[in-house]
Amino acid sequence: MKKIIRYIIFYIFFCSLQFILWQYTNVYNISPNFILIAIVYIGIIKGKMPGQLTGFLFGLFWDTFSLIDTFGLRILIFTVIGYFSSELSKNFNGNKIFTQLTIIFFLNIFYSLYFYFICYNTNKTLYFLIQKSIEIFTTMLICPLFFYILKFYI
Amino acid sequence: MHKYYRIKLEKVVFVILISISLYFIVGRFSDSVKFIKNIVYEFIYQNLSVTDRIFYLTKNIFASIKNISRLQQENLLYKQKNQELINKLYNYDLLFQEYSDLSKLLNLKKNKKTLLVFSKILIREPSEWYKWIIIDKGFNDGLYNELPVVMFDKYNSILCVLGKIIETYKNSSKIILITNSTYKLPVEINGIKCLANGINSNLLRINYIPVNENIKHGDKVIVSNLSSIFQKGLYVGVIKTVRISNKTSEFKIADAEICFENNTICNNVAIVLLPQVK
């Protein structure tokens, strides 16, 4: 029971961070992808099963807020990210910051490319590239802090 | 052996989850998927609105402590003003009665009344900043789909177009912004009718401007009377650049900067224009 409550708080905390709190401090619409950090953390530390389930749930939550024309796309990508974050960390030490940063980096690029090819329908490619690069950089910057805090929580 | 089954189970669950997500993608417009989406939405929205309220209250408590002494003085001042306004209101009632009587005598048409529903923007995701927002008013407040939503432009002190409601829930509504790439809005620049469509950024692309028309930087873009949702004349934005797409084309293309972003992010208030029915 305690574990379930902990997980519920974990989901609500990251959803609030992504959808509500960040809009107050948003600069040029660039924000770290907090949900990706949460999924990768669960994938690396807890394994494939919790990783893919977390990815599925976070994708579902995000897609319900998003418009109907993209419904399901995030569920798919986050489930895959949850599964493969665990697969990638299998051969490395998941507790090392370098491993975490490398996995976050590659999965973030994968996520950005996925959305570039599927959803992005404007011709501002350079703008998209710059925005996504800063997003990936900021996500990598704050990722060790979240990994450190989450280690004591889950 | 146990490990073997665990790995197999993980793979089976992965395939099931991927199949479900593919089912969601393929059948996203079907009623069953919409039903699941609405259930999940209501559950998550309740939790997030509580978080937002906690955050908002904490922010307000600190501000309130600062303002206590100032409020006492203001209260006295407003009491005086209130008395003055009550006197004026009495005169207004008399005038209104006179106006109604005269309107009846002259058979004048009455103006349509529009109710302004002020709502807070609760959710705006940074990576989809120019696509959609969620406000904290829903069908409990009388809102329904296709209603126009505007915002107050604090620099020009006017109402400007924000978007329209596309999904309505009990206590919240989803708004598609005019900057969304799927949104098209009939607009007018110096009396020339054209079409604006979003490009998922703070600019709107204005199409179908005749080549011989003189449209320049700084011209105002307003809603045209062809719009079935917005009232004619509502402010949309300002022209930033104008160009001809190719030499043989009969039309020019312009980019206009939207004005709803002039509202500061912390005073995020969207106004829904609700037509009053007799």
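A quick note: this is a predicted structure, and the numbers were derived from the prediction, not measured.

Parameters and conventions
Residues numbered from 1 in each chain as written. Chains lettered and ligands numbered in written order. Predicted model: local features only at pLDDT ≥ 70, side-chain atom pairs only at ≥ 80, totals over all residues. Helix = DSSP H or I, 4+ residues; strand = E, 2+ residues; numbered from the N terminus. Rg over C-alpha atoms; globule rule 2.2 N^0.38 Å. Buried ≥ 20, exposed ≤ 12 C-beta atoms within 10 Å, placed from the backbone. Contact = placed C-beta atoms within 7 Å. Pairing = 2+ DSSP bridges. pLDDT = per-residue confidence, 0-100. Expected span 1.5 Å × (residues − 1). Core = buried A, V, L, I, M, F, W, Y, C linked by C-beta atoms within 7 Å. Domains from an automatic or database assignment. Nonpolar A, V, L, I, M, F, W, Y, C, P; charged D, E, K, R; others polar.

*Asks:* Would you take a moment to explain the overall build of chain A for this structure?
*Replies:* Summing up its helical and strand segments, chain A has six helices and zero strands in all. N-terminal to C-terminal, the α/β element order of chain A is α-α-α-α-α-α. For 154 residues, the compact-globule formula gives about 15 Å, and the C-alpha radius of gyration of chain A, at 15 Å, lands near that figure. The buried share among the 154 residues of chain A stands at 44%. For chain A, the proportion of contacts with a sequence separation of at least 24, taken over those separated by at least 6, is 66%.

*Asks:* Help me understand the pairing of strand β7 (residues 192-198) of chain B in this model?
*Replies:* Two faces, one strand: in a regular strand the side chains alternate between the faces of the sheet. Residue and element names in this part refer to chain B. As paired elements, strand β6 (residues 184-189) and β7 share six bridges and run antiparallel to each other. Bridged to L185 within β7 is A196. Taken together, the four bridges between β7 and strand β8 (residues 203-210) define a ladder with antiparallel strand orientation. Paired with G198 across the two strands is L204, which belongs to β8. Linkage of β7 to β8, two consecutive antiparallel strands, is achieved through a turn of four residues, within which N200 is found at a positive phi near 55 degrees.

*Asks:* Explain the confidence of the model for chain A to me, please; I cannot follow it from the model alone.
*Replies:* The predicted coordinates ought not to be read in detail in places where the model reports low pLDDT. Across chain A, the average pLDDT comes to 85, with 91% of residues at 70 or higher. No element of chain A has a lower mean pLDDT than helix α6 (residues 125-153) of chain A, which averages 85, and none a higher one than helix α3 (residues 48-65) of chain A, which averages 92.

*Asks:* I'm lost on helix α5 (residues 97-118) of chain A in this one. Help?
*Replies:* The α-helix winds at 3.6 residues per turn, so residues separated by three or four positions along the chain end up facing the same way. Taking 1.5 Å per residue as the helical rise, α5 of chain A with its 22 residues ought to reach 32 Å, and the 31 Å between its terminal C-alpha atoms agrees with that figure. Summarising the contacts, the buried residues of α5 of chain A are in contact with α2 (34-46), α4 (73-89) and α6 of chain A.

*Asks:* What's the story with the nonpolar core in this structure? I'm lost.
*Replies:* When a protein is soluble and globular, its nonpolar side chains tend to lie buried together. Counting 89 residues, the largest nonpolar core has V40 and I81 of chain A together with L162, I175 and V236 of chain B as the members making the most contacts within it. In terms of residue count, α2 of chain A provides more of this core than any other element does, ten residues in total. Split by domain, this core shows at least three residues from each of two domains, domain 1 (1-110) and domain 2 (113-278) of chain B. Residues contacting L162 of chain B, with those up to four places away along its chain left out, are V149, V150, M151, I175, L177, I178, F260 and A270 of chain B.

*Asks:* What is the right way to read the interface of chain B and chain A from this model?
*Replies:* Size of an interface, as often reported, equals the accessible area lost when the parts are brought together. Listed by partner, the interface residues are 39 residues for chain B and 36 residues for chain A. Looking at the side of chain B that touches chain A, the elements that each hand over two or more residues are α1 (2-26), α2 (31-106), β1 (114-123) and β2 (132-135) of chain B. With ten residues, α2 of chain B is the largest single contributor of residues to the side of chain B that touches chain A. Considering only residue class, the side of chain B that touches chain A consists of 24 nonpolar, seven polar and eight charged.

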